[in-house]
Each structure stands twice: as structure tokens, then as C-alpha cells.
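# Examination of the molecular architecture
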Amino acid sequence: MTILVTGGLGYIGSHTVVELLNEGFDVVIVDDLSNSEKFILNNIEEVAGRKPVFYPFDLKRRDLLKQLLDAHQIDGCINFAAFKAVGESQEKPVDYYENNLFSLINLLQEFKERNISNFIFSSSCTVYGQADEMPIDENTPLKTPESSYGKTKQMGEEILMDFAKAHHKKISLLRYFNPIGAHPSAKLGELPIGIPNNLIPYVTQTAAGIREKLSVWGDDYPTPDGTAIRDYIYVVDLAKAHVAALKKLMSETSDTVIDIYNLGTGKGSSVLEVVNAFEAANNVKVPYQICDRRAGDITVAYANADKAERELGWKADTSLEEALRTTWNWQKYLESRN
Ligand code: NAD
Ligand code: WQD
């Protein structure tokens, strides 16, 4: 079985490629290196012991996609390729719509004409906005996301549901909560570009002395310690969920399937709990200051991931501290490369 993994050199994609290779799948990666680096390909091979086929091109190039699909028999696709920076998407909305939606549409145009099904889409808990009740299950009402990035995810979901119904395809929409951590080998992880906006990369760079202090965005939220709460899921657990979701799609006898799963731990952690866990896990200090709330932030989001456990036999079981230990090891690996 050969799986096309778009964005397969990226953060979540690279971990998922390793899990696919470990499970005996062959993998073809398309990645234009807009947010990844070529050395990740070699590291995937080191970790998994097998090399995926790699095509360095932009998925907006439908002609190149056609050539790839003519050359390989593809049995399923996991589509990670997208721009993902929430703040940047507010400054460059059209770039986000173009990249995230044209890439998706090119894939679907090709797949509808060829006999290719089993499509997995990287969605996000951002489609729920600030939900009225916790935990968030798949029946929680969706809210139009504030950011253009978030809107590309919601639109992507709708495009895929229409695609599945009209063309009798099997699709799975995976709504990730907050992915964190790195591979236990310390050979794969999130590549920091510029000043991080997300919490864990900022905490890590502060502990490493690259940033002076973490700004904690708000301590006046209606939560036990006043800081906002999220569901931080370990990236290897998340990668394994993709393999489980793919296997489930492949085993379905119906030709039309629309699966939707929340992928989280089911447990919320506050910003200060994350800081404390990072310090305890790695025996380092993370200096911080309390600042005003960040515009657009929600108070609390954590998943009810029971559906994924029930239907995929999957559960995120890595602790926050363990995940944060892998983050620190990855940071040390990156420093050793410089
Ligand atoms: P990432 O940026 O590390 O990986 C995305 C990869 O896609 C990169 O390697 C990039 O070079 C590639 N890419 C982007 N546009 C492309 C194009 N047009 N053609 C070919 N390659 C292209 O991001 P990630 O954190 O691994 O996220 C993967 C997916 O999961 C994205 O769709 C993202 O929106 C989604 N997601 C991420 C998070 C998160 O917090 N990391 C949360 C929810 C959903
Ligand atoms: C987590 C918490 C911050 C940085 C974003 C996207 C979402 C999804 C995941 C893709 C918040 C606080 C952060 C800092 C802080 N991505 N924080 N100081 O905002 O939950 O979600 O990434 O789909 O769509 O919106 O993640 O890591 O940015 O923030 O206090 O320097 O940490 O305010 O409460 P977020 P995050």
C-alpha cells in the first residue's frame, strides 16, 4: 500500500511518515520546503530505517501532481500541506486561501478522476472557536473561526464532505487540539522560524536563553490559576492516530465514508501548568512575566476524544512532562547542528 503524504517533511507530517513506514506502508512525500528542510528526509530514513520517495514541489502545480500520480499507484492520501500561522494569515489572507485551498482542490480534482480514495485532512480545534461547554466532542457546534487560517480549515472540511458525497470517496477529518513534543530519537520536531507565536516553542527558546522571558498572555481568565487552558497532545500519539484513521477508512466496505474525530488527550492544562511542567521535566528555568490577554485567544479548549478511542482503538497516553522532555531534547539536537 502506498500513501501520498503532502507536507510530509513538516512537523506532524514527518512523525506520521515514520509511523506509516513502521506499519509497513510505502510513502510518497510532496513538500515544497516552504516550512521544512531537506535534512528531515534523511532523519526520517535514520529513524524508520526506510526512505520515502520525495518530490519537492508546490501542490498548486497541478501539472507536477499529475506526473506524480501517473508514476505511482496511490492507495490513500494524508494532506498536511498548508500554511499554519494564525497571525500571518490575518496579514496575508489571500496567500492562505490560495495555498491551503488550491493545494487541496488540485488533489481532489486529480483523485476524483482517478480511482483514489482514503483521504485524511488535517483540521483543527479552531473550527469550534470558544465552545460553550467542555470537553468538546464532535457534535459541539462549529463557529466561524476568527482567522483566515482557521477559515481555510473550515472550508477544507466542507469541500471534502461535498467531495466524498458526490464522488463516493472515503474521507476522514481529524481535528487536532494543540500538538507538542518531538520524536523520542530527537531527530524530528518542530522547526522554529522567526519568533515563535505558539506556547511550547516560546517556552523552549526561553529556557534555552534565545528569548529573555515568556509573556504569559493574561492571568485574568475564569480558570483556576487565571491563565488559559488548552489540550496539549504529543505529536507521536497524534501521528499514530493518522495510521489508525487510515486503516479504518481502508477497512470500510461502503464506498462513501465521512469520518470526523477530535484528537486530544481529554485533559486541559493552563499556561502556568505548562511552564511548571517544562521546568520540572527538564530541570531548567523559564522566566516569565504576566501580560495582557492576546487578541483572539479563547479561554479554554479541551477535547472529548472518546469517539477516536471507540472507533479507532486509539488514545493519547503520553504525559505532558514526557512530551516536554522530548521538546527539550530536540532543542539540544538543533543547537548541536549549528
Ligand atoms: P508544518 O508547517 O510543519 O508542515 C506543513 C508542511 O507542508 C511544511 O513542510 C511545508 O513546507 C509544506 N507545504 C505547505 N504548503 C505547501 C504546498 N503548497 N505544497 C507543498 N508543500 C507545502 O505544519 P504542521 O504543524 O506539521 O501542520 C500540519 C497540518 O496540520 C497543517 O495543515 C496544519 O494546518 C494542521 N494543524 C496544525 C496544528 C499545529 O498546531 N501544528 C494544529 C491543527 C492543525
Ligand atoms: C496556547 C496558550 C496563549 C504563547 C493555535 C492556533 C490553533 C492551532 C494551535 C492550528 C494560549 C498562551 C502562547 C506565548 C502565552 N493551530 N501563550 N505566551 O492559541 O491555542 O492555538 O495553535 O490549527 O488554530 O490558534 O496555541 O500555542 O499559540 O497558545 O501565554 O508566548 O498559550 O495565550 O492561551 P492556541 P498557542
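Basis of the calculations
- Residues numbered from 1 in each chain as written.
- Chains lettered and ligands numbered in written order.
- Predicted model: local features only at pLDDT ≥ 70, side-chain atom pairs only at ≥ 80, totals over all residues.
- Heavy atoms only, no water.
- Helix = DSSP H or I, 4+ residues; strand = E, 2+ residues; numbered from the N terminus.
- Rg over C-alpha atoms; globule rule 2.2 N^0.38 Å.
- Lys, Arg positive; Asp, Glu negative; His and termini not counted.
- Charge placed at Lys NZ, Arg CZ, Asp CG, Glu CD.
- Buried < 20%, exposed > 50% of the residue type's maximum accessible area, 1.4 Å probe, protein only.
- Pairing = 2+ DSSP bridges.
- Axes fitted to C-alpha atoms, helices over the stretch in contact; angles between N-to-C directions.
- Contact = heavy atoms within 4.5 Å.
- Phe/Tyr/Trp six-rings, centres within 6.5 Å; stacked < 30°, edge-to-face > 60°.
- Near = heavy atom within 4 Å.
- Polar contact = N/O pair within 3.5 Å; in protein donor to acceptor, adjacent residues only side chain to side chain.
- Areas by Shrake-Rupley, 256 points an atom, 1.4 Å probe, with all protein chains shown as cover.
- UniProt positions renumbered as here; feature names shortened; annotations may be inferred.

For the rest of this paragraph, the subject is the overall build of the protein. Assigned secondary structure in the protein consists of 11 helices and 13 strands. Relative to the compact-globule value of 20 Å for 338 residues, the protein shows a C-alpha radius of gyration of 19 Å, a close match. With the principal axes as the frame, the protein shows a C-alpha extent of 55 × 45 × 40 Å. Side chains of the protein carry 35 positive and 47 negative charges; the gap between the two charge centres is 3 Å.

The next point concerns the pairing of strand β4 (residues 76–79). Burial along β4 is two-sided: the face carrying Gly-76 and Ile-78 and the face carrying Cys-77 and Asn-79 are both buried. Direction of pairing for strand β1 (residues 2–6) relative to β4: parallel, over a ladder of 4 bridges. Across the sheet, Val-5 pairs through a bridge with Ile-78, a residue of β4. As defined by bridge partners, β4 adjoins strand β5 (residues 119–124) across 3 bridges and the pair is classed as parallel. Of the residues in β5, the one forming a bridge with Asn-79 is Phe-121.

Attention now moves to the sheet that holds β1. Strand order in the open sheet formed by 7 strands is β3-β2-β1-β4-β5-β6-β11, and the pairing between neighbours is parallel. The open sheet has two edge strands, β3 (53–55) and β11 (257–263), and neither has a second partner. Averaged over all pairs of adjacent strands, the angle between their axes in this sheet comes to 20°, without regard to strand direction. Lying on the sheet, helix α8 (residues 235–251) is in contact with β1, β4, β5, β6 (170–176) and β11; it crosses β6 at an angle near 160°.

On to the packing of aromatic side chains. Overall, the coordinates contain 5 aromatic pairs when judged by the stated rule. Judged by centre distance (6.0 Å) and plane angle (65°), the ring pair of Phe-111 and Phe-119 falls under edge-to-face. For the residue pair Phe-111 and Phe-119, the accessibility class agrees, reading buried in each case. Measuring from centroid to centroid gives 5.6 Å for Trp-330 and Tyr-333, while their planes differ by 25°, and the two rings are stacked. With a gap of 3 residues between them, Trp-330 and Tyr-333 both fall in helix α11 (residues 320–337), about one helical turn apart.

Across the 7 residues that make up β11, a large majority, 6, are buried. Where β6 meets β11, 7 bridges bridge the pair, whose relative direction is parallel. Note that in β11 the partner of Ser-172 across the bridge is Asp-259.

Turning our attention to the site of ligand 2. Taken together, 19 residues are adjacent to ligand 2, and Ser-124, Tyr-149, Ser-215, Arg-230 and Asp-297 come closest. Measuring from an oxygen atom of ligand 2, one finds a side-chain N or O atom of Asn-178 at 3.0 Å. Here Ser-215 contributes a backbone N or O atom positioned 2.7 Å from a nitrogen atom of ligand 2. Burial of ligand 2 by the surrounding chains reaches 87%, relative to a free accessible area of 690 Å².

Contacts to ligand 1 come from 27 residues, most closely from Ile-12, Asp-31, Asn-35, Asn-99 and Tyr-149. In this structure, an oxygen atom belonging to ligand 1 sits 2.6 Å away from a side-chain N or O atom of Asp-31. In this structure, a nitrogen atom belonging to ligand 1 sits 3.0 Å away from a side-chain N or O atom of Asp-58. Here ligand 1 has 820 Å² of accessible area as a free molecule, and 95% of this is covered by the chains.

For the rest of this paragraph, the subject is the UniProt feature "domain: NAD(P)-binding" (unreviewed entry) in the protein. In the numbering used here, UniProt assigns the "domain: NAD(P)-binding" (unreviewed entry) feature to residues 4–326. Helix and strand shares over residues 4–326 are 41% and 16% respectively, and the end C-alpha atoms of the span are 27 Å apart.

A word on the side chain of Ser-269. Tracing the backbone shows Ser-269 in strand β12 (residues 269–270). With relative accessibility at 5%, the residue Ser-269 sits in the buried group.

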